[in-house]
Amino acid sequence: MGDTRLNKHLSNILSSLRSDPKNSIPCANKTWAETFAAYGFIENGKVNFDSIMSGHKSATLERIKAQPVVLIPQDTTFLNFATDLESKEMGTLRRKETNLIQSVHYEKHLLSNPH
């Protein structure tokens with residue numbers, strides 16, 4: 001992200017969410033200080049999706065450059081959670097008119113032939 005402190009904060013947040021990614025930020029953190037630090041990170045004007053993903057994007061591009069051929073197949077998957085009782089509180093994914101909980105995922109996978 002270009003800022004050592006922000007990188008460290010992001011690493012701490014991801015570490016706290018790793019054991020159970022469905023947890024809310026307050027539940028994932030052990031102390032209120034960690035919770036407030038996580039929310040402070042999110043509210044920082046330098047933090048957005050692109051800045052968080054920049055390291056992943058750079059590393060991916062470097063790996064691609066090292067390969068003679070890279071295939072990028074794309075998959076569109078529709079997930080329906082209407083019968084998943086544990087996912088009933090998924091917020092904005094629920095459609096009021098049908099009471100369905102669904103999500104559309106567009107995935108791309110990079111494939112290369114290792115040497």
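Throughout what follows, the structure given in this document is the object of discussion.

What counts, and at which threshold
Residues numbered from 1 in each chain as written. Predicted model: local features only at pLDDT ≥ 70, side-chain atom pairs only at ≥ 80, totals over all residues. Heavy atoms only, no water. Salt bridge = Lys/Arg side-chain N within 4 Å of Asp/Glu carboxyl O. Helix = DSSP H or I, 4+ residues; strand = E, 2+ residues; numbered from the N terminus. Buried < 20%, exposed > 50% of the residue type's maximum accessible area, 1.4 Å probe, protein only.

Comments concerning the pattern of salt bridges
Summed over all chains, the structure comprises two salt bridges. Notably, a salt bridge pairs D3 with K46, separated by 3.8 Å at the nearest N-O pair. Taken together, the residues D3 in the segment before α1 (4-18) and K46 in the loop between α3 (32-43) and α4 (49-65) connect sequence positions 43 residues apart. Judged by relative accessible area, D3 falls into the buried class, the value being 17%. Relative accessible area serves as the criterion here: at 57%, K46 is assigned to the exposed category. The partner of K65 in a salt bridge is E62, with the nearest N and O atoms 3.4 Å apart. Of this pair, K65 and E62 both sit in helix α4, three residues apart, which is roughly one turn of the helix.

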